[in-house]
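Architecture and fold: a report
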Protein chains: 2
Amino acid sequence: MTLDAALKDYVHKNQETFLKDIARLSAQPSVSATHDGVEECALLVKKMIEEIGGTAKILRLDGAAPLVYGEVLRPGSDRTVLFYNHYDVQPVEPLELWKSPPFKPEIRDGRMYGRGVSDDKGQLVSRLKLIESYIKVDGTPPCNVKFCFEGEEEVGSPHLDKYVAKNEGLFKSDVVVWEYGNVDAKGRPVVGLGVKGMIYLELVVKTLNRDAHSMNAAALPNPVWRLVRLLSLIKDEKGHIKIPGWYDHIIGLSSDEIKVLREEPFDAEGLLATYAAKEFIGGMSAEEAKLALVAGPTANIAGIWAGYMGPGSKTVLPAEVHCKMDFRLVPGQVPDELFDSFTGYLASNGFSDVKIEKMTMEPAARTSYTSPWAQATVHAAREIFGVKPVIELSSAGTGPLYVFSRRYGADAVDIGFAPHDDAIHAPNENIRVDYLEKGMLWIGEAIEEYLAGARPKG
Amino acid sequence: MTLDAALKDYVHKNQETFLKDIARLSAQPSVSATHDGVEECALLVKKMIEEIGGTAKILRLDGAAPLVYGEVLRPGSDRTVLFYNHYDVQPVEPLELWKSPPFKPEIRDGRMYGRGVSDDKGQLVSRLKLIESYIKVDGTPPCNVKFCFEGEEEVGSPHLDKYVAKNEGLFKSDVVVWEYGNVDAKGRPVVGLGVKGMIYLELVVKTLNRDAHSMNAAALPNPVWRLVRLLSLIKDEKGHIKIPGWYDHIIGLSSDEIKVLREEPFDAEGLLATYAAKEFIGGMSAEEAKLALVAGPTANIAGIWAGYMGPGSKTVLPAEVHCKMDFRLVPGQVPDELFDSFTGYLASNGFSDVKIEKMTMEPAARTSYTSPWAQATVHAAREIFGVKPVIELSSAGTGPLYVFSRRYGADAVDIGFAPHDDAIHAPNENIRVDYLEKGMLWIGEAIEEYLAGARPKG
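Computed from a predicted structure; not experimentally measured. (Residues numbered from 1 in each chain as written. Chains lettered and ligands numbered in written order. Predicted model: local features only at pLDDT ≥ 70, side-chain atom pairs only at ≥ 80, totals over all residues. Heavy atoms only, no water.)

1. Quick notes on the interface of chain A and chain B
What counts here: By definition in these notes, contact holds between two residues if any of their heavy atoms fall within 4.5 Å. Note on definitions: buried area is the accessible-area loss of two parts on being combined, 1.4 Å probe, summed for both. Under this definition, polar contacts are N or O atom pairs within 3.5 Å; protein pairs additionally need one hydrogen-donor-capable and one acceptor-capable atom, and for neighbouring residues in sequence, both atoms have to be side-chain atoms. Per the convention used, a helix needs a DSSP run of H or I reaching at least four residues, while a strand needs a run of E reaching at least two, with both numbered from the N terminus. Residue polarity is assigned by list, with Asp, Glu, Lys and Arg as charged and Ala, Val, Leu, Ile, Met, Phe, Trp, Tyr, Cys and Pro as nonpolar; anything else, Gly included, falls into the polar class. For two strands to be treated as a pair, DSSP must find no fewer than two bridges joining them.
Of the residues lining the interface, 84 residues belong to chain A; the matching set on chain B comes to 74 residues. Here chain A meets chain B over a buried area of about 6200 Å², counting both sides, of which 62% is carbon and sulfur. Seen at the junction of chain A and chain B, the total is 26 residue pairs in polar contact (both at pLDDT 80 or more). Looking at which element gives the most residues to the side of chain A that touches chain B, the answer is strand 13 (residues 300-307) of chain A, with eight residues. Broken down by class, the residue content of the side of chain A that touches chain B amounts to 46 nonpolar, 22 polar and 16 charged. Pairing of strand 13 of chain A with strand 13 (residues 300-307) of chain B, which is carried by five bridges, proceeds in the antiparallel orientation. Following the sheet pairing, A:Trp305 is matched in strand 13 of chain B by B:Trp305.

Encoded structure:
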């Protein structure tokens, strides 16, 4: 253990205050999909950085949500850790399934419920409060600290790379503490080393200029039938994506990584039971599902709508149909190349009239398991939680990890305190209040172990 | 011309009074979708039958809107004509598009505007007032008259067949004057001889018990992909329905009917232009489209919805998807048999878990063009309007014509006075006031020609 007792004591004694700060930030709506409250939330985040003793500024780009940048320097330090988090949240619908209002965080039975308490405002506040604790106890953080708090993660971080490019050098760091991180069902901390990339699209098929009485279905084309044919070109029953070249440049797992993957737990039965699913796609085995979640690309239909969606019957021939799709990508897949292949494939099958709106284009990124920063976080997890951590070579989810790794070579690791059943992106999102303290100490311990192992620069 | 001069004179002189009665009935809301005013309207309709000298009663069934039955007998007559109409109307939304309040009928520039003035209260009143005219002039109608005025046509007549079955014999007649009937853009009366049937279903495919983060799409099954595969089994690109036996028992058009169809006008360009459609399904020709509208079965997707349908992107793996479908049927197709074939087909393709809710099951019905009643209406149209009428062998739409034809062999014909641009089911529904007189005389002339041609029974 590298952390000193005074720091641990301070973190322990102030848990209630820290939780109030999580509730305070989570009470401010900031739904990036609808822009609701985003501006107000950015101002609050800036204020909270200043409250812990940091300097902060709001960066802006045309058409983008504001990005809040903050820093706290340690005199004489030649090492910098960057905390990447996001202050925006997912939409709250369906509202009727929430047991308490999503923007009025409330603690019940050891958990705090509210939109964003886990993803990602709780994590964001845990970082701020860790640095505040260092300042209160030692007068300074253990090294230079930078905060990069963006407001568009939940809509695919469309401007993060541009913000970083425009402010050359501002976000440079040695290592990055990524935005999320969780503790599994058995209480083991999870070290996240990568994320998948994503292409998010909205397809619109339109065959008429307005809805028609469905008696006209004998002669007039229905856009939904057309979309059904289009979608049937994308994926086969086993889940294999049929778009040409989709798998051509994938960088698979190394033999070391495959070894780690084999050793890591995967609760296949638990995953199926959580959603009452009968089986994995196409009857795949638990081992296949585990590999697919870590290293497999996906083609998902996230939304579809057309025509009459109310109770009872209405005989309508819809004029158009909308379909939202997300494709998760793995290292080696280049979003622009895949998008071009997709549109070319549609055109060659007679679908060049279909409108395709590009909403997200992000490559995947993966930090090496053997890097010093990954090893420091793994060791710190053992120290703080007293158990062997779970190594997640890559999340099945997506994030803009590539922005910092590609430009500055800064390794990023996902560490945090979210419970495995935190229901992010869903009603009744929550955190366990008893995990916050360990989550904060884990980050502190990881940074100190990294700093202790790192030789001076130059 | 068979009508006597005194009757024609009476009908002519009382047009203003008749229009007032249309306005009076249309001023009473009776929206079956919301039940608004339905009960009050049934009472008013009963009163209006009594006012012309008929007897009337209100029939009731659990959960059904009241059905108003009326009759006026002609002493010694062995022939009966039944008038089928409905006193319920479509909802009025969007209200802001009406130029005058939908339930305050008003005459402007030769048209009366209001919800129901054409569909179907104007038609209903035109029948009542024709019979009133006969009673005033001759003391009796030309034969026995029955009125069947239901209150649920706009929601698919779910109880009409049950009403008729429960009151065995009450609705027996030789011929039926159907509820609607119009005059086309060139002033030609349209004789409607049939309607298609319909199966209306809602399909629900569910693979999870709640929505999941779409990162799980690598392993967990998406119900929309499953629905896409299901739907791709139903129809091919040319519009051919692939469900086994779907076409097996269809009674095609006779050679006489095909001849009539060839002669009838069909504004293919106009239909495409109305909806800005590029072409008919699968590039079919105008002749093929005309035939399909009159005599082709359909499989239409009237609604589909799943997952996230808002602006921007949300990465969700939906738990379930809903799909509303209407299948239009033609004579010979038996709804129950087709439904069984459909569910069997789905089961044999591995879709027995899909939930299917049956919402409408109505067979088609078509009156033979060469039947005495059809011929009488065609000839009467020439007499009254002075032009060759348009023959519509079947509407592309659906209605409960089968209820009377199947049980009593009563041929039904759609004749009336609606202008082609009457905007039924839409804002600013209207009738042309100058069409009312001819519409009434057409019905009288048709009945008298039919009676003159019909030999005494027994």
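Further notes follow.
2. Observations concerning the domain arrangement of chain A
Residues and elements named next belong to chain A. What counts, and what does not: Note that domain bounds follow an automatic or database assignment of domains. Definition used for salt bridges: Asp or Glu carboxyl oxygen within 4 Å of a side-chain nitrogen of Lys or Arg.
You can read the domains of chain A as domain 1 (5-195 + 365-454) and domain 2 (197-250 + 296-362). On a C-alpha basis, the centroid separation for the pair domain 1 and domain 2 is 34 Å. Domain 1 puts 11 residues into the contact, and the matching count from domain 2 is eight residues. Of the roughly 670 Å² buried where domain 1 meets domain 2, counting both sides, 48% is carbon and sulfur surface. The largest contributions to the domain 1 side of the interface with domain 2 come from Gly156, Thr398 and Tyr402, which together make up 56% of the buried area. Counting across the interface, domain 1 meets domain 2 through zero salt bridges. At the boundary of domain 1 with domain 2, the tally comes to two residue pairs in polar contact (both at pLDDT 80 or more).

3. Remarks on the relation of the copies chain A and chain B
Rule in force here: In superposing the copies, a least-squares fit is computed on C-alpha atoms, taking residues whose pLDDT is at least 70 in both.
Least-squares fitting of chain A to chain B yields an RMSD of 1.9 Å, with the transformation described by 2.2 Å of translation along the axis and a rotation of 178°. Interface overlap between copies is the fraction of interface residues in one copy that are interface residues in the other; for chain A against chain B it reaches 88%, indicating a shared surface.

4. A word on the packing of aromatic side chains
Where we set the bar: Aromatic rings from Phe, Tyr and Trp, taking only the six-membered ring of Trp, are treated as a pair when their centres fall within 6.5 Å; an angle between ring planes under 30 degrees marks them as stacked, one over 60 as edge-to-face, and anything in between as tilted. Each residue is placed in one exposure class: buried if its accessible area under a 1.4 Å probe, protein chains only, is under 20% of its type's maximum, exposed if it is over 50%, and partly exposed if it falls in between.
Counting across every chain of the model gives 23 aromatic pairs over all chains. Arranged with centres 5.2 Å apart and planes meeting at 35°, the rings of A:Phe147 and A:Phe149 form a pair that is tilted. The burial state of A:Phe147 is the same as that of A:Phe149; both residues are buried. Here the aromatic rings of B:Phe171 and B:Phe404 are separated by 6.5 Å at their centres, their planes lie at 55°, and the arrangement is tilted. Placement of B:Phe171 in the loop between helix 5 (160-166) and strand 7 (175-178) and of B:Phe404 in helix 12 (residues 402-408) is noted, with a sequence separation of 233 residues between them. One aromatic cluster is present, built from ring pairs that chain together B:Tyr69, B:Tyr84, B:Phe171, B:Trp178 and B:Phe404.

5. Notes on the side chain of A:Glu153
Residue and element names in this part refer to chain A. Stated formally: Lys and Arg are tallied as positive, Asp and Glu as negative. Neither His nor the chain termini are counted.
Its place among the elements puts glutamate 153 in the loop between strand 6 (144-150) and helix 5 (160-166). Buried within the structure, glutamate 153 lacks any salt-bridge partner; its nearest side chain of opposite charge belongs to arginine 328, at an N-O separation of 7.8 Å. Other than its neighbours up to four places away in sequence, glutamate 153 contacts Tyr84, His86, Asp88, Glu179, Thr398 and Gly399.

6. Remarks on the sheet that holds strand 21 (residues 430-432) of chain A
Either a parallel or an antiparallel arrangement is found when strands of a sheet pair, and the pairing is made through backbone hydrogen bonds. Residues and elements named next belong to chain A. Put simply, the test is: Axis angles are defined between N-to-C directions and span 0 to 180 degrees, where every axis is a line fitted to C-alpha atoms and, for a helix, only to the segment in contact.
Overall, antiparallel pairing links the three strands, which are arranged 4-5-21 in an open sheet. Each of the sheet's edge strands pairs with one partner strand only, and the pair in question is strand 4 (106-108) and strand 21. Each neighbouring strand pair of the sheet contributes to a mean axis angle of 25°, computed without reference to strand direction. Relative to strand 5 (residues 111-113), strand 4 runs antiparallel, the two sharing three bridges. From the neighbouring strand, isoleucine 107 faces strand 5, where its bridge partner is methionine 112.

7. Some details on the pairing of strand 6 of chain A
Residue and element names in this part refer to chain A. Among the seven residues that make up strand 6, seven are buried, leaving the element largely enclosed by the rest of the structure. Across the two faces of strand 6 the burial is the same, with Asn144, Lys146, Cys148 and Glu150 and Val145, Phe147 and Phe149 all buried. Examined bridge by bridge, strand 2 (residues 67-72) and strand 6 share five bridges and lie antiparallel to one another. Its bridge partner lying in strand 6, glutamate 71 is registered against lysine 146. Two elements, strand 3 (residues 80-86) and strand 6, share seven bridges in a ladder whose sense is parallel.

8. Let's talk about helix 9 (residues 286-295) of chain A
Within helix 9 of chain A the residues assigned to the buried category are A:Ala289, A:Lys290, A:Ala292, A:Leu293, A:Val294 and A:Ala295. The secondary structure elements touched by the buried residues of helix 9 of chain A are helix 7 (255-263) and helix 8 (268-274) of chain A.

9. Observations concerning the pattern of salt bridges
Following the criterion strictly, the structure yields 41 salt bridges over all chains and no others. Shared partners join several salt bridges into a network, and the residues in it are A:Asp21, A:Arg24, A:Glu51, A:Lys129 and A:Glu132.

10. A look at helix 7 of chain A
All names here are of chain A. Inclusion rule: It is the directions from the helix axis to the C-beta atoms whose arc is reported.
Buried within helix 7 we find Glu257, Val260 and Leu261. One side of helix 7 holds all its buried residues, which, seen down the axis, span an arc of 100°. The exposed set on the far side of helix 7, more than 90 degrees from its buried face, consists of Ser255, Lys259 and Arg262. Contacts from the buried residues of helix 7 go to helix 9, strand 17 (365-366) and strand 18 (390-392).

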